[in-house]
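Observations on the three-dimensional arrangement
Below, each chain spelled out in residue letters.
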Amino acid sequence: MQNKIVLGLMSGSSLDGLDLAMVEFDSEFISNRKWKLLSSETHPYSSDWIDKLRTADISNPLSLHQPFGNYLGDLIQAFLKKQKYAPELIAIHGHTLLHEPTDFISVQLGSAQAIATKTGIPTIDDFRTQD
C-alpha cells in the first residue's frame, strides 16, 4: 500500500478564512500514526462571504450550502495551482452554523459534492455529527 495525500479544510467561526492543509499519511498510518505536513495556508474570505457567513440563517442553511461549497472549490483550485503535490482526497470539516453535541445536532455549510464537482477530487465531509 502507498502513502496517501489528503487535503484537509477547516472553516472556523472567527471568519478569518479557510485553512487548508496538504498532508501525507504513511501507508501504515492506522498502526503507526505517521504523517507529514506538506503545505498549508489560510486563504482569507472575501468581505461578501464574511457577511454571508456572519448573518447565515440557521432556519435555512441549505440556501448557502451549495454556493459556499462552490466558493470553497474555487479557493481549493487556487491553492492547488501553487502545489507540487496532488491530493487523492479532500476532507472538509465545514463551516459550523449550529453544534449541539448533547442533542446530536450539527449543521455545517460547504457542500462536499460541489467541491468534488469543481475540483474533480473525491471529497468527504460530516465529521461533527458524531461528537
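Whatever comes next refers back to the structure up there.
The sections below set out a description of the structure shown in this document. (Residues numbered from 1 in each chain as written. Predicted model: local features only at pLDDT ≥ 70, side-chain atom pairs only at ≥ 80, totals over all residues. Heavy atoms only, no water.)

1. Side note on helix α2 (residues 47-54)
Stated formally: Only protein chains enter the accessibility calculation, which uses a 1.4 Å probe; a residue is then buried when its area is under 20% of its type maximum, exposed when over 50%, and partly exposed in between. Starting at the N terminus, helices and strands are each numbered in turn, a helix being any DSSP run of H or I of at least four residues and a strand any DSSP run of E of at least two. Along the arc lie the directions from the helix axis toward the C-beta atoms. Contact between two residues is taken to exist if any of their heavy atoms lie within 4.5 Å; hydrogens are not considered.
Considered for burial, the residues of α2 that qualify are W49, I50 and L53. Take α2 and look down its axis: the buried residues cluster within an arc of 105 degrees, on one side only. Buried positions along α2 lie against α3 (62-81), β4 (89-100) and β5 (105-109).

2. Some points on the side chain of S111
Note that S111 resides in the loop between β5 and α4 (112-119). With a relative accessible area of 5%, S111 lands in the buried category. Aside from chain neighbours lying at most four places away, what touches S111 is H65, Q66 and G69.

3. With respect to the pattern of salt bridges
Basically, it comes down to this: Note on definitions: salt bridges are taken to be side-chain nitrogens of Lys or Arg within 4 Å of carboxyl oxygens of Asp or Glu.
A complete count under the given rule lists 5 salt bridges for this structure. The partner of K82 in a salt bridge is E41, and the shortest N-O contact between them spans 2.8 Å. In this pair, K82 sits in the loop between α3 and β4 while E41 sits in strand β3 (residues 35-43), placing the two residues 41 residues apart along the sequence. Accessibility expressed as a relative area gives 22% for E41, which makes it partly exposed. For D74, the salt bridge goes to K118, with nearest N and O atoms at 2.8 Å. Note that D74 is positioned in helix α3 and K118 in helix α4, a separation of 44 residues in sequence. Overall, the relative accessible area of 30% leaves K118 in the partly exposed class.

4. Here we look at the pairing of β5
The following threshold applies: One requirement defines pairing of two strands: DSSP has to find at least two bridges between them.
The pairing of β4 with β5 spans 5 bridges and is classified as antiparallel. Directly across from H95, in β5, lies its bridge partner L109. Count of turn residues in the β4/β5 antiparallel hairpin: 4 residues, of which F104 carries a positive phi of about 55 degrees.

5. Digging into the environment of L75
Inspection of the secondary structure puts L75 in helix α3. A C-alpha to C-alpha distance of 13 Å links L75 and I92, two positions 17 residues apart in sequence. Filtering out sequence-adjacent residues up to four positions away, L75 remains in contact with L18, H43 and Y45.

6. Considerations on the nonpolar core
This is how the line gets drawn: Only buried Ala, Val, Leu, Ile, Met, Phe, Trp, Tyr and Cys residues count toward a nonpolar core, and they belong to the same one when joined by side-chain atoms within 4.5 Å.
Counting residues in hydrophobic clusters, the biggest one holds 26 residues, and the most contacted among them are L7, L9, Y45, F68, L72 and I76. Contributions of two or more residues to this core are made by β1 (4-11), β2 (18-25), α2, α3, β4 and α4. When residues in this core are grouped by element, the largest group, 8 residues, is from α3. Once residues lying within four places of it in the same chain are set aside, the contact partners of I76 are L7, L9, L20, I90, I115 and T119.

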